[in-house]
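Remarks on the overall topology
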Amino acid sequence: MSIKLAIVMPAYNEEECMADVVKIWSDLLDTEFAGENTRLIVVNDGSKDKTGKILDQIQPQYPKLVVVHQPNGGHGNAVVHAYRKAVELGAEYVFQTDSDDQFIPEDVKKLWEKRTQSDFILGYRQVRHDAIFRLFITRILRWSMFFVYGTFIMDSNIPFRLIKGSFLKKLLAQLPNPVPFAPNIFIAIMAKKSGQELFNIPIVHKERATGEVSIQKMKLLKVCWQSFKELLNFRLELNTKIKNLK
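Values in this document were obtained by computation on a predicted structure and should not be read as measured data.

**Topic: the overall build of the protein chain**
The secondary structure content of the protein chain amounts to nine helices and seven strands. For the protein chain, the C-alpha radius of gyration of 17 Å lies close to 18 Å, the compact-globule estimate for 246 residues. Taken over the C-alpha atoms alone, the protein chain extends approximately 50 × 40 × 30 Å along its principal axes. By the burial criterion, 50% of the 246 residues in the protein chain qualify as buried. Within the protein chain, contacts between residues separated by at least 24 positions form 83% of all contacts whose residues are at least 6 apart in sequence. A gap of 8 Å separates the mean positions of the 34 positive and 27 negative side-chain charges of the protein chain.

Here it is in structure tokens:
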């Protein structure tokens, strides 16, 4: 029996909320996707706290939970690892989110209802509860992407996206190597440029109640500069990448 939907998420130092996050997303699969073959894939990105231990402890309670441990490689690396695991398992649809409990699982239904209209659907944090500095940097990247690619995407890096598995497999094959710092941005650009309707569906974004943001001000500024340079370099390859997707 093929997997209808795989929910994937990276996890790093989320010991305070990890068990609760697994429960709420597992409950969503059990209720909204009852009778379907589904999976929840969590990639522990070398957490320094008890996140990995908690995942191993609760795994027997959740038959659909797949736990993957990897050395710390960063958020983007963990996201791509999770995507590849979902493709490896043959998921028809893949939904990606984060493990910091800032989203409402029920909002997945807004994207799921559009699944026959596009192979790649994005949420959009209409009201985003992040620090002002992060919001400022995000706005700079948004307009930088428009300047470089002529493409305006409301929330290109949002960890709330539904992708058809067969299309995701093609997208992953076109990602730069090594994996860029923010692969979700590159994936969104390729999807948009290949003709997919992203929809940019408004979803709820909650304030972080536990843990802490792993990238602080100066480091965030540094990685955003890195991302901008990666985007500039990728521009030279984009046309070939899009041809390969079609």
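**Here's the deal with helix α1 (residues 18–32)**
If you check α1, its first and last C-alpha atoms are 21 Å apart, about what 15 residues at 1.5 Å a residue would give, namely 21 Å. Buried within α1 are the following residues: M18, V21, V22, W25, S26, L28 and L29. Projected down its long axis, α1 shows its buried positions confined to an angular sector of 150 degrees, all on one face. Turned more than 90 degrees away from the buried face of α1, the exposed residues are D20 and T31.

**Section: the side chain of T151**
With respect to the element layout, T151 can be found in the loop between α5 (132–149) and β6 (160–164). Side-chain polar atoms of T151 contact the side chain of K193, separated by 3.2 Å. Not counting residues within four places of it along the chain, the set of residues in contact with T151 comprises M145, F146, K192 and K193.

**A few points about the environment of Q102**
Take Q102: it is sitting in the loop between β4 (93–97) and α4 (108–112). Take Q102: its relative accessible area is 5%, and that puts it in the buried class.

**A closer look at the packing of aromatic side chains**
A full pass over the atoms with the stated rule returns seven aromatic pairs. For the ring pair F146 and F152, a centre distance of 6.4 Å and an interplane angle of 80 degrees mean the geometry is edge-to-face. For F146, a relative accessible area of 38% corresponds to the partly exposed category. With centroids separated by 5.0 Å and ring planes inclined at 75 degrees, the aromatic side chains of F186 and F234 adopt a geometry described as edge-to-face. Taken together, the residues span a long stretch of sequence, with F186 in helix α7 (residues 183–193) and F234 in helix α8 (residues 217–235) at a distance of 48 residues. F234 sits in the buried class, given a relative accessible area of 1%. Three or more aromatic residues joined by ring pairs form one cluster here, namely W25, F95, F103 and F160.

Cut-off values and rules
Per chain, residue numbering runs from 1 following the sequence as it is written. Confidence filtering applies because this is a predicted model: local features only for residues at pLDDT of at least 70, side-chain atom pairs given and counted only at 80 or more, and all residues used for totals across whole chains, interfaces and linings. Side-chain numbers here rest on the full set of heavy atoms in the structure, without hydrogens or water. Secondary structure elements follow DSSP: runs of H or I of four or more residues count as helices, runs of E of two or more count as strands, with numbering from the N terminus. The globule rule used for comparison is 2.2 Å times the number of residues to the exponent 0.38, while the radius of gyration itself is calculated over C-alpha atoms. The cut-offs for exposure are 20% and 50% of the maximum accessible area for each residue type, with area from a 1.4 Å probe on protein chains only; residues under the lower value are buried, those over the upper are exposed, and the others partly exposed. It only takes one pair of heavy atoms within 4.5 Å for two residues to be counted as in contact. In this charge count, Lys and Arg are treated as positive and Asp and Glu as negative; neither His nor the chain ends contribute. In this description, the location of a charge corresponds to atom NZ of lysine, CZ of arginine, CG of aspartate or CD of glutamate. Given the number of residues in a helix, its expected span is that number minus one, multiplied by 1.5 Å. It is the directions from the helix axis to the C-beta atoms whose arc is reported. Side-chain atoms alone can form a polar contact between residues adjacent in sequence; in general such a contact is a pair of N or O atoms within 3.5 Å, and within protein one must be able to donate a hydrogen while the other accepts it. Under the pairing criterion, centres of Phe, Tyr and Trp rings, with the six-membered ring standing for Trp, must be within 6.5 Å; the plane angle then separates stacked pairs below 30 degrees from edge-to-face pairs above 60, leaving the rest tilted.

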